[in-house]
Number of protein chains: 2
Amino acid sequence: MNVNDVLGNYNKDIFSEIEKYLSTITPDSLQEASLYLTKAGGKMLRPSLAIITAEAIGGSKQNALGTAGAIELIHTFSLIHDDIMDDDDMRRGKPSVHKVWDEGIAILAGDTLFSKAFEIIINTPQEEVSAAQLNVALSTVADACVKICEGQASDISFEGRYDVEFDEYMEMIFKKTSALIAAATKAGAIVGGASEEVIDAMYEYGRLIGLAFQIQDDYLDLVSSEDELGKPVGSDIVEGKMTIIVIKALEEASPEDKETLLKILKSEETSQADVDVAMDLLDKYGALEYARNVAQENVEEAKKLLEILPDSESKQALELIADFVLERKS
Amino acid sequence: MNVNDVLGNYNKDIFSEIEKYLSTITPDSLQEASLYLTKAGGKMLRPSLAIITAEAIGGSKQNALGTAGAIELIHTFSLIHDDIMDDDDMRRGKPSVHKVWDEGIAILAGDTLFSKAFEIIINTPQEEVSAAQLNVALSTVADACVKICEGQASDISFEGRYDVEFDEYMEMIFKKTSALIAAATKAGAIVGGASEEVIDAMYEYGRLIGLAFQIQDDYLDLVSSEDELGKPVGSDIVEGKMTIIVIKALEEASPEDKETLLKILKSEETSQADVDVAMDLLDKYGALEYARNVAQENVEEAKKLLEILPDSESKQALELIADFVLERKS
C-alpha cells in the first residue's frame, strides 16, 4: 500500500461532494471564488482522514463524505482568510483568491465556505447518524474553528516577540493546525459509529499527527529546496518567525551566538549570508534534530493509539499517513 | 407598553450571555476585538426577537438566551466584515474594528464570533431542547449565514449596474438583511417549543419585518437628518446605489427624467444640488411613497401572522416591534 494512493483515493468523491454543495451559491462571482481553491487541487489530507477513520471503525465512505467535505471547506476558508491577512499572493501554485478577485469577495468566499460547512454537517441524513452524535461532531468542528482563529491570532501576536516559549508555541500550533486535523479524525470516528473510547483515541491521533505536521512545515522551510517548497528556503528566518527550531536554538545557544541569531531574526533586511549563519547556529545547537525528534515522538505515539482499532486496510492507511506527515517534502 | 422598553428589556441579559461565551477567547487582542462592537451598544433587535418569540410561545427566556446571543454574534460578525469590505470607518458611533486594530484582526474577530455562535447553539442543554429540534435551529442559522454572504455579494455585484429589477432587489435585501431576522424568530420559536405551523408563521413574520426594515433603511437615507442618521443624508444617491426607491423612479420616469436621474447616479462627483434634483425626481414619480407602502404592507402582513399566537404581553411586543421597524428614525 502506498500513501499517495491512500491519500488520493477519495479526492474525486470529496471534490464532487463539495461541488454539489457549492453549486447553489449565487451570484456566480461568489460561487466561483468559493470553489476556486478546491478546484486548484490540494492533498485533501483532512477530509481523507475523516473518511478513512470512519472506515477503520466499520462505517461507510458514504456516511462520512458530507462531514469530510465540510472539514475541507473549513480548511479552505482558513487558507483564503490567512492569505488576505498575510498578503500571500500565491496558493496551490495559483494566484490567491483575493488577488484573482478582491479582498471583499475573498472575505465573503471564506465566510460562505464556513457557513456551508455547518450546513452540510447539520444536513447529514439522520438515518445514518443520530442527532445527538451529529451534535458532538458539530461541536468538535465549531470548537476547532474557534481554535483556528485563536491560533492565527496567537501567531500574529508572536510577531516581534523573541521570548516565545516552547509551551506557547505548541499551544499555538495545536490551535492553528492540529485542532482541525483532530476534528477530522474525531468527526470521522463519530459518523463511523465508534465508541467513546475510540472517538477519544482518534481525536488524540489527529492532534498528535497535526502537531508533527506543523513541526515538519517549520523544518521543511529550512531544509527543503525552493523547487519542492514553492517558496524561498529559510523564509521563516527572513521573517523572524518563532518556530520550535528557533526557540530551541535560542534556549541552548551561548550568549554570543544567541545575540547573533536574534540580530538576524530582528533584521529588516536579511541576506542569504545571514540565513546561512542562522542555519549553522540552528544546526550547531541541535535544534533541527530536536524538532525532528519531537515530531517523530508524536508520530510514534499517534501510531500506538491506532492499536485500539481492528486490523484493516484503513488502519494501515492511518499508519501510513502518520509516517507520511514526516516523510513529505512539501 | 413602549417599544423601547420591549427592545431594551433583554439587552443586559444578552450582553452577559455574550460576554460569558467570549471570555475564554485568547489572546487578549482577539477577545477585545471580538467583544468591542457588542460593548459599543446596539439595538439588539435580532436577539430580542428570538427571546420574545420564544416567550410568546410559552418558552422561557433562559432557554432562548443562548440562541439569541448566537444570533447577535452572527449579526456582529457580518457588521465587522462588511465594514472592512465597504471601508466604513465608523460603526455605532465608534471607529470600526479594522480601524481600532487592523484588517487581519478584524477578519479573525468576525470569524471567531461566527465560530462561537455555532458553538453556543450546539451547546444548548439537551434537557431544554431536543437534539433534533436543535438541528433545525442550527440549520436555519447556517442557512441564514449563507444568505448573508450571498446578499452582500449581490449588493456588491449591483455596483455600476443601473438595470437592477424589483425582484432582484427584493431577493438581495431578503438575503442580506431579512434572512437573519427570520432565523431569529424561527429559532426563537423552535427553542420555545412551537409547533411546525407556528414555527413557519414566525419565520414568515421575521422575513416580512426584515424586508420592511431594509426598505426603511433605504427610505431614511433620503428623508432623515444627518444628526439622526449619523451619516450624510442622500449618501445612497451619491454612491449611485440601486434601492427600491431608485428602481421605482427609473421605472416610472419619462425618458428625459430617467436620463437626468441616471446621470446623477453615475456621476463620480455628486453635488448637494444634484442630490436635491434626484430627490425631486424620486418624489415626482411617487417612489418614496411607493417604498413606504411596500414596507407598510409587509408590516401589516407580518402582524396578521401573529394571530396564530395566544394573547400575551410577548405577542403585543412582537406587534409593537413590527410597527417600530417603520417608525424608527435611525
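As the structure is a computational prediction, the values presented were derived from the model and not from experiment.

Reading guide: rules and limits
- Residue numbers here run from 1 along each chain, matching the order of that chain's written sequence.
- Chains carry letters from A onward and ligands carry numbers from 1 onward, assigned in written order.
- Note on the predicted model: pLDDT of at least 70 is required for a residue's local features to be given, and 80 or more for side-chain atom pairs to be given and counted; whole-chain, interface and lining totals, by contrast, use all residues.
- As a rule here, side-chain values cover all heavy atoms of the structure and leave hydrogens and water aside.
- Strands are runs of DSSP state E lasting at least two residues, helices are runs of H or I lasting at least four, and both sets are numbered from the N terminus onward.
- C-alpha atoms define the radius of gyration in this analysis, and the globule rule sets the expected value at 2.2 Å times the number of residues to the power 0.38.
- For the exposure calls, accessible area comes from a 1.4 Å probe over protein chains only, and a residue counts as buried if that area is under 20% of its type's maximum, exposed if over 50%, partly exposed in between.
- We call two residues in contact whenever any of their non-hydrogen atoms come within 4.5 Å of each other.
- Residue burial considers only the protein chains on display, and all accessible areas are found by Shrake-Rupley using a 1.4 Å probe.
- Within this scheme the basic residues Lys and Arg register as positive and the acidic residues Asp and Glu register as negative, but His and the chain ends are omitted.
- The location of each charge is read from NZ of Lys, CZ of Arg, CG of Asp or CD of Glu.
- Using a 1.4 Å probe, buried area is obtained as the accessible area two parts lose upon being combined, added over both of them.
- Polar contacts, as counted here, are pairs of nitrogen or oxygen atoms within 3.5 Å of one another; within protein the pair requires one atom able to donate a hydrogen and one able to accept it, and residues that are adjacent in sequence qualify only if both atoms are side-chain atoms.
- As a working rule, the residues Ala, Val, Leu, Ile, Met, Phe, Trp, Tyr, Cys and Pro are called nonpolar, Asp, Glu, Lys and Arg charged, and the rest polar, with Gly in that last group.
- By salt bridge we mean one thing: a side-chain nitrogen of Lys or Arg within 4 Å of a carboxyl oxygen of Asp or Glu.
- Along the chain, pLDDT gives the predictor's confidence residue by residue, from 0 to 100.
- The copies were overlaid with a least-squares fit restricted to C-alpha atoms from residues scoring a pLDDT of at least 70 in each copy.
- Here an angle of 0 to 180 degrees is reported between the N-to-C directions of two axes, which are lines fitted to C-alpha atoms, with helices fitted over the stretch in contact.
- In this scheme, roughly parallel covers angles under 35 degrees and roughly antiparallel covers those over 145, while 65 to 115 is roughly perpendicular and the rest are oblique.
- By definition, turning the near helix anticlockwise from the far helix through less than a right angle yields a left-handed crossing, and turning it clockwise yields a right-handed one.
- For patch detection, residues must exceed 30% relative accessible area and be free of salt bridges, and they are connected within 9 Å for like charges or within 5 Å for nonpolar side chains (Val, Leu, Ile, Met, Phe, Trp, Tyr).
- In a helix, the anticipated span is given by 1.5 Å times the number of residues less one.
- When we speak of the arc, we mean the arc of directions from the helix axis to the C-beta atoms.
- By convention in this document, the label disulfide applies to cysteine sulfur atom pairs within 2.5 Å.

## Some words on the overall build of chain A
No. 1: Broken down by element type, chain A carries 17 helices and two strands.
No. 2: In terms of overall dimensions, chain A is globule-like: its C-alpha atoms have a radius of gyration of 20 Å, near the 20 Å expected for 330 residues.
No. 3: Buried residues in chain A amount to 58% of all 330 residues.
No. 4: Within chain A, contacts between residues separated by at least 24 positions form 74% of all contacts whose residues are at least 6 apart in sequence.
No. 5: Accessible surface, chain A as shown: approximately 13,100 Å² in total, 45% of it carbon and sulfur.
No. 6: Computed over 30 positive and 62 negative side-chain charges, the separation of the two mean positions in chain A equals 2 Å.

## Notes on the environment of Glu19(A)
No. 1: Relative to the helices and strands, Glu19(A) resides in helix H2 (residues 11-22).
No. 2: For the pair Glu19(A) and Gly69(A), spaced 50 residues apart in sequence, the C-alpha to C-alpha distance is 9.4 Å.

## Section: the environment of Leu262(B)
Residues and elements named next belong to chain B.
No. 1: For Leu 262, the location among the structural elements is in helix H14 (residues 255-266).
No. 2: Residue Leu 262 is classed as buried on the basis of its relative accessible area, which comes to 17%.
No. 3: The spacing of Leu 262 and Glu 168 is 94 residues in sequence and 19 Å in space, taken between C-alpha atoms.

## What to know about the interface of chain A and chain B
No. 1: Each partner contributes to the interface: chain A provides 41 residues, whereas chain B provides 41 residues.
No. 2: Between chain A and chain B lies a buried interface of about 3,200 Å² when both sides are counted; carbon and sulfur atoms form 69% of it.
No. 3: By the criterion of area lost to chain B, the three top residues of chain A are Leu108(A), Ile122(A) and Asn135(A), representing 16% of everything that side buries.
No. 4: Joining chain A to chain B, the criterion identifies six residue pairs in polar contact (both at pLDDT 80 or more).
No. 5: Contributions of two or more residues to the side of chain A that touches chain B are made by helix H5 (61-85), helix H7 (103-122) and helix H8 (131-158) of chain A.
No. 6: The biggest single contributor to the side of chain A that touches chain B is H8(A), with 17 residues.
No. 7: Broken down by class, the residue content of the side of chain A that touches chain B amounts to 21 nonpolar, 13 polar and seven charged.

## Some thoughts on the pattern of salt bridges
No. 1: Enumeration according to the criterion identifies 40 salt bridges over all chains in this entry.
No. 2: Residue Lys175(A) pairs with Glu171(A) through a salt bridge whose shortest N-O separation is 3.4 Å. Highlighted residues: Lys175(A) and Glu171(A), both in helix H9 (residues 166-191), separated by four residues, approximately one helical turn.
No. 3: Using a relative accessible area of 7% as the deciding quantity, one classes Lys175(A) as buried.
No. 4: A salt bridge links Glu72(B) to Arg92(B), with the nearest nitrogen and oxygen atoms 3.7 Å apart. Taken together, the residues span a long stretch of sequence, with Glu72(B) in helix H5 (residues 61-86) and Arg92(B) in the loop between strand S1 (90-91) and strand S2 (94-95) at a distance of 20 residues.
No. 5: Its relative accessible area of 1% is what places Glu72(B) among the buried residues.

## Let's talk about the confidence of the model for chain A
No. 1: Here chain A averages 95 in pLDDT, and 100% of its residues register 70 or above.
No. 2: Interface predicted TM-score (ipTM) for the complex: 0.95; the corresponding pTM is 0.95.

## Notes on the relation of the copies chain A and chain B
No. 1: The operation relating chain A to chain B is a screw motion whose rotation component is 180°, with 0.0 Å of axial translation and a residual RMSD of 0.0 Å. Taken together, these values place the two copies in the relation of a two-fold axis. Minimal C-alpha distance to the rotation axis in chain A is attained by Ala131(A), lying at 2.7 Å.
No. 2: A share of 100% of interface residues in chain A that are also interface residues in chain B marks the association as one of identical surfaces.

## Side note on the packing of helix H4 (residues 45-56) of chain A against H9(A)
All names here are of chain A.
No. 1: Interhelical geometry of H4 versus H9 gives an angle of 30° and a closest axis separation of 7 Å. In terms of orientation, H4 lies roughly parallel with respect to H9. Note that H4 runs across H9; the crossing there is right-handed. The segment H4 lies against H9, with Leu 45, Arg 46, Leu 49, Ala 50, Thr 53 and Ala 54 engaging Leu 180, Ile 181, Ala 184, Thr 185, Gly 188, Ala 189 and Val 191.
No. 2: Its residues assigned to classes, the contact of H4 with H9 shows nine nonpolar, three polar and one charged.

## A closer look at a negative patch on the surface
No. 1: Residues Asp86(A), Asp88(A), Glu159(A) and Glu239(A) make up a contiguous surface patch of negative charge.
No. 2: Locating Glu239(A) in the fold gives a position in the loop between helix H12 (235-238) and helix H13 (244-252).

## As for helix H15 (residues 272-284) of chain B
Residue and element names in this part refer to chain B.
No. 1: For H15, built from 13 residues, the straight-helix expectation of 18 Å at 1.5 Å per residue is met to within 8% by its first-to-last C-alpha distance of 18 Å.
No. 2: Taken as a whole, H15 has its buried residues at Val 275, Ala 278, Met 279, Leu 281 and Leu 282. Here the buried residues of H15 occupy an arc of 165° about the axis, which is enough to place them on one side. In this structure, H15 carries Asp 280, Asp 283 and Lys 284 as exposed residues pointing more than 90 degrees from its buried face.
No. 3: Those residues of H15 hidden inside the fold are in contact with helix H10 (196-223), helix H12 (235-238), helix H13 (244-252), H14 and helix H16 (287-305).
No. 4: Gly 286 sits one or two positions beyond H15 and adopts a positive phi of about 65°.

## So, the packing of helix H3 (residues 28-39) of chain B against H5(B)
All names here are of chain B.
No. 1: In contact at an axis separation of 10 Å, H3 and H5 are set at 105° when each is read in the N-to-C sense. Regarding the angle of H3 to H5, the classification is roughly perpendicular. Listed contacts from H5 to Ala 33, Leu 37 and Thr 38 of H3 are Thr 76, Leu 79 and Ile 80.
No. 2: Residue composition of the contact of H3 with H5, by class: four nonpolar, two polar and no charged.

## Considerations on the state of the cysteines
All names here are of chain A.
No. 1: The final tally for this structure, using the stated rule, is zero disulfides over all chains.
No. 2: Counting only cysteine sulfurs, Cys 149 is the nearest neighbor of Cys 145, a cysteine outside any disulfide, at a range of 7.1 Å.
No. 3: Owing to a relative accessible area of 0%, Cys 145 belongs among the buried residues under this scheme.

## Examining the environment of Asn63(A)
All names here are of chain A.
No. 1: By the secondary structure assignment, Asn 63 is in helix H5.
No. 2: Overall, the relative accessible area of 18% leaves Asn 63 in the buried class.
No. 3: A C-alpha to C-alpha distance of 24 Å links Asn 63 and Gly 210, two positions 147 residues apart in sequence.
No. 4: With residues near it in sequence (within four places) discarded, Asn 63 still touches Thr 124, Glu 128 and Val 191.

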